[in-house]
Each structure stands twice: as C-alpha cells, then as structure tokens.
Amino acid sequence: MKLDPVSLRLFVAVMEENTIAAAAAREHLAASAVSRRLADLEDALQVALFTRSNKGTEPTAAAFALLNLARGVLNDLDGIATQMREYGTGVRGHVRVVANISAITQFLPAELQSFLAQHPQVDVRLQEQISTSIAHSVAENAADVGILNEGNYGERVTLLPYRTDELVLVVPTGHALARRKSVRLADALPYDFVGVHPGSAINNQLTRAASEAGLPLRLRMQVTSYDALCLMVNAGLGVGVLPRGSAALYQGTLAIRTITLNEPWAQRRLALCVRSEESPSSVARLLVEHLRSQPPAPSL
C-alpha cells in the first residue's frame, strides 16, 4: 500500500477546516480535486473516512484515528526536508580532521569550540598525526581537512595558509642554559635531548640542523606528546624543542624554562590541507573558512 503525502495533507486540512470547500480554498485547489484525493485515500486504506450526505461530509471514527497518525507522518516528512536543506547549506553533517600536535595544542581547542558553538549540529572528528601522514590521509580521502607544517606533499593535496608558530628550546630551570635569553642550536647539542614522534617535523628538523652544524644529536629518548616531553625535561632527563605556545601550557606547573632559538627554521608556517582533485564538502568548506578567518592567538 502506497500512501500519498499530498492526500494525507489534504485530509488533515479537511479535518481542521471541517468542510471540503474550506480545505480546498486553504490549499488553493478545486473542491472536486480535494474530494477525489479523499476518495483515493479511502480506497488505499480500505476504510471509510467520511460519511457523505446532502448535508455535507462527517468524519468517521477512523478519520479521527487517522488524524494524529497523518500529522505525525507529515511532521516527519517536513523534518526530513528541513534536515536535508541543512546538509545542503553546510550546517549539519560531519567533517574528519587530522592535525599535528602543534596545531592541536596551540590553536584548535579555541577555534573548534567557537566553530561548534556556531554549528552545534556538525560532528567534528579530530585525530592527531604527523605531517606526512596528514597529507596522505587527506589525499586518500581518509580525512577531509588536515593541518600540517608547510612543505611539498605532492599534487594530490592543496595547502592553504593557516598559522605561524615558533620553536623554542625547553630546559630545566637549573640547567646551564637556563639564564640565556636566546641560543643557537649548536649551544644545546652538547646536551641530551628528549624528542617527540619519530618522523615528526621537529625531529627531522633537529637531525638536519645537527648534521649541518657537524655535531651529533644526542637523542636520549622519544615521547609521543608535548606534555610527556615537558615532564621528562622537568625531571632533568634532557632538553627539548617544541612550539612556544605549547610550552607555555606547562610553564606554570613545571620547573622548566623556554629559550628563544636563534635559527631561521625556528619560525614555522602551518597550513590547511585539502584534496586537490575535488572541492571540500559544504561542511568541510565551512570549517576551513572558519579556521582561516580566526585572528592569530596572542603571543605568549
């Protein structure tokens, strides 16, 4: 049995207006067309909804039972249409984001909070990865939007300017370098280092810079998060390099100090990453526009 929603809507109009003529006028139809729709509905349901006489039509008990059911169905249909329109305008849906730890610790908490406050029906799924993995995830459609360090990741992804950050040296408060306002990396290379993710942009940069300086990088241990790095530095197990904004989160609670790295590579640019061969979905595009429109966080 197939029920026509137009017939259900006209049936509800007749019940609410009490006459076919009034319902027809409300729906801008001829009374004969409304009457035909009601007869078709009765045939489909195989039940009499109205008793007809020369005095007009009277609803049966079945009509009153159908009224609430019909209103529920019509409300559900209206809800479906509304939700689909919301998907089309980008205010409902989901977006998969992959980002490096620098973006996650410095920028994304506040920026995602403001985005979700404006679009509470959007579901943002966030996963941390290193920059090379981020580009691969976006290229392979395992993610919609990536945030990574600027670089050359191939033609399958497009990079958009996002933020800048600064790498600093983190040392225990009692360290020999702790009183210095700025250092070159060569000044820190005689000491043990605590590194982050193998293959991360920071570790790769440290290895490259140490090689250019003709000195070994004494990488004593590697951890997977900035808080773990700061805890190891706090315990005197080495020095580390991480973004200034990330280090600031731990300076108030740990006995560590940050020292400016007097190196050109310490100034970095982060980028948003999307697939080159296709436009982002409406909700992903909405998020990208939001992230690019946010003012930079104040320097710490």
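Since the structure is predicted, the reported quantities are computational estimates derived from the model, not experimental observations.

### Section: the packing of helix α1 (residues 5-17) against helix α3 (residues 31-45)
Here is step 1: At a minimum axis separation of 9 Å, α1 and α3 run at an interaxial angle of 110 degrees. When the interaxial angle is binned, α1 and α3 end up roughly perpendicular. As α1 packs across α3, the resulting crossing turns out to be left-handed. Here α1 contributes Val6, Ser7, Leu8, Leu10, Phe11 and Val14 to the contact with α3, which in turn contributes Val34, Arg37, Leu38 and Leu41.

### Digging into the layout of surface pockets
Here is step 1: When its volume is computed, the second largest pocket comes out at roughly 380 Å³.
Here is step 2: Around the second largest pocket, the lining is made up of 19 residues, and of these Asn149, Glu150, Tyr153, Ala201 and Arg208 lie nearest the centre.
Here is step 3: Mapped by element, the contributors of at least two residues to the lining of the second largest pocket are α7 (131-139), α9 (201-213) and β12 (267-275).
Here is step 4: Here the lining of the second largest pocket gets 5 residues from one element, more than from any other, and that element is α9.
Here is step 5: Here the lining of the second largest pocket is built from residues that sort into 6 nonpolar, 9 polar and 4 charged.

### Looking at helix α2 (residues 20-27)
Here is step 1: When we look at burial in α2, the residues that qualify are Ile20, Ala23 and Ala24. Along the axis of α2, the buried positions cluster into a sector of 100 degrees, meaning they face one direction only. Seen from the buried face of α2, the exposed residues on the opposite side, beyond 90 degrees, are Ala21 and Ala25.
Here is step 2: The elements touched by buried residues of α2 are α1, α3 and β2 (56-59).

### Side note on the packing of aromatic side chains
Here is step 1: In the structure shown here, the tally under the stated rule is 2 aromatic pairs.
Here is step 2: Ring centres of Phe107 and Tyr162 lie 6.0 Å apart, and the angle between their planes is 85 degrees; on these two criteria the pair is classed as edge-to-face. Taken as a pair, Phe107 in the loop between α5 (101-106) and α6 (108-118) and Tyr162 in strand β6 (residues 157-172) lie far apart in primary sequence, 55 residues in all.

### Things to note about empty space enclosed by the protein
Here is step 1: Inspection of the entire model under this criterion finds 2 cavities of 30 Å³ or more.
Here is step 2: Lining the largest cavity are 15 residues, and of these Asn100, Ile101, Ser200, Ala201 and Tyr226 lie nearest its centre.
Here is step 3: For the lining of the largest cavity, the secondary structure elements donating two or more residues are α5 and α9.
Here is step 4: Taken together, the residues of the lining of the largest cavity sort by class into 6 nonpolar, 7 polar and 2 charged.
Here is step 5: A volume near 50 Å³ is recorded for the second largest cavity.
Here is step 6: Lining the second largest cavity are Asp144, Val274, Arg275, Glu278, Ser279, Pro280, Ser281 and Ala284.
Here is step 7: A per-class count over the lining of the second largest cavity returns 3 nonpolar, 2 polar and 3 charged.

### Some details on the nonpolar core
Here is step 1: By size, the foremost hydrophobic cluster in this structure holds 36 residues, and its most contacted members are Leu169, Phe193, Val241, Leu261 and Trp265.
Here is step 2: Elements that contribute at least two residues to this core include exactly β6, α8 (185-188), β8 (193-195), α9, α10 (226-234), β10 (240-243), α11 (244-251) and β11 (256-261).
Here is step 3: Leu169 has contacts with Leu177, Val183, Ala188, Phe193, Val239, Gly240, Val241, Arg257, Thr258, Ile259 and Leu261, leaving out every residue within four places of it along the chain.
Here is step 4: Counting 21 residues, the second largest nonpolar core, distinct from the first, contains Val95, Leu108, Phe115 and Val145.

### Brief notes about a nonpolar patch on the surface
Here is step 1: There is a patch of nonpolar side chains on the surface, built from Val73, Leu77 and Ile80 and spanning about 230 Å² of accessible area.
Here is step 2: Looking at the secondary structure, you find Ile80 in helix α4 (residues 61-89).

### A closer look at the pairing of β2
Here is step 1: Bridging between strand β1 (residues 50-53) and β2 involves 4 bridges; their strand directions are antiparallel. Paired with Thr51 across the bridge in β2 is Glu58.
Here is step 2: Hairpin connection between β1 and β2: a loop of 2 residues separates the two successive antiparallel strands.

### A look at unusual backbone geometry
Here is step 1: With a phi angle near 60 degrees, Gln46 is a residue other than glycine that sits in the positive phi range.
Here is step 2: Tracing the backbone through its elements, the reader meets Gln46 in the loop between α3 and β1.
Here is step 3: With relative accessibility at 73%, the residue Gln46 sits in the exposed group.
Here is step 4: One non-glycine residue with positive phi stands out, namely Asn141, at about 65 degrees.
Here is step 5: If you trace the backbone, Asn141 turns up in the loop between α7 and β5 (145-149).

Rules used throughout
- Residues numbered from 1 in each chain as written.
- Predicted model: local features only at pLDDT ≥ 70, side-chain atom pairs only at ≥ 80, totals over all residues.
- Heavy atoms only, no water.
- Axes fitted to C-alpha atoms, helices over the stretch in contact; angles between N-to-C directions.
- Helix = DSSP H or I, 4+ residues; strand = E, 2+ residues; numbered from the N terminus.
- Parallel < 35°, antiparallel > 145°, perpendicular 65-115°, else oblique.
- Left-handed = near helix turned anticlockwise from the far one by under 90°.
- Contact = heavy atoms within 4.5 Å.
- 1 Å grid on protein atoms, 1.4 Å probe; cavity = no way out; pocket = protein on both sides within 12 Å on 5 of 7 lines; lining within 4 Å.
- Points joined across faces, edges and corners; volume = space filled by probe spheres on them.
- Nonpolar A, V, L, I, M, F, W, Y, C, P; charged D, E, K, R; others polar.
- Buried < 20%, exposed > 50% of the residue type's maximum accessible area, 1.4 Å probe, protein only.
- Arc of directions from axis to C-beta.
- Phe/Tyr/Trp six-rings, centres within 6.5 Å; stacked < 30°, edge-to-face > 60°.
- Core = buried A, V, L, I, M, F, W, Y, C linked by side-chain atoms within 4.5 Å.
- Patch = residues over 30% accessible without salt bridge, like charges linked within 9 Å, V, L, I, M, F, W, Y side chains within 5 Å.
- Areas by Shrake-Rupley, 256 points an atom, 1.4 Å probe, with all protein chains shown as cover.
- Salt bridge = Lys/Arg side-chain N within 4 Å of Asp/Glu carboxyl O.
- Pairing = 2+ DSSP bridges.

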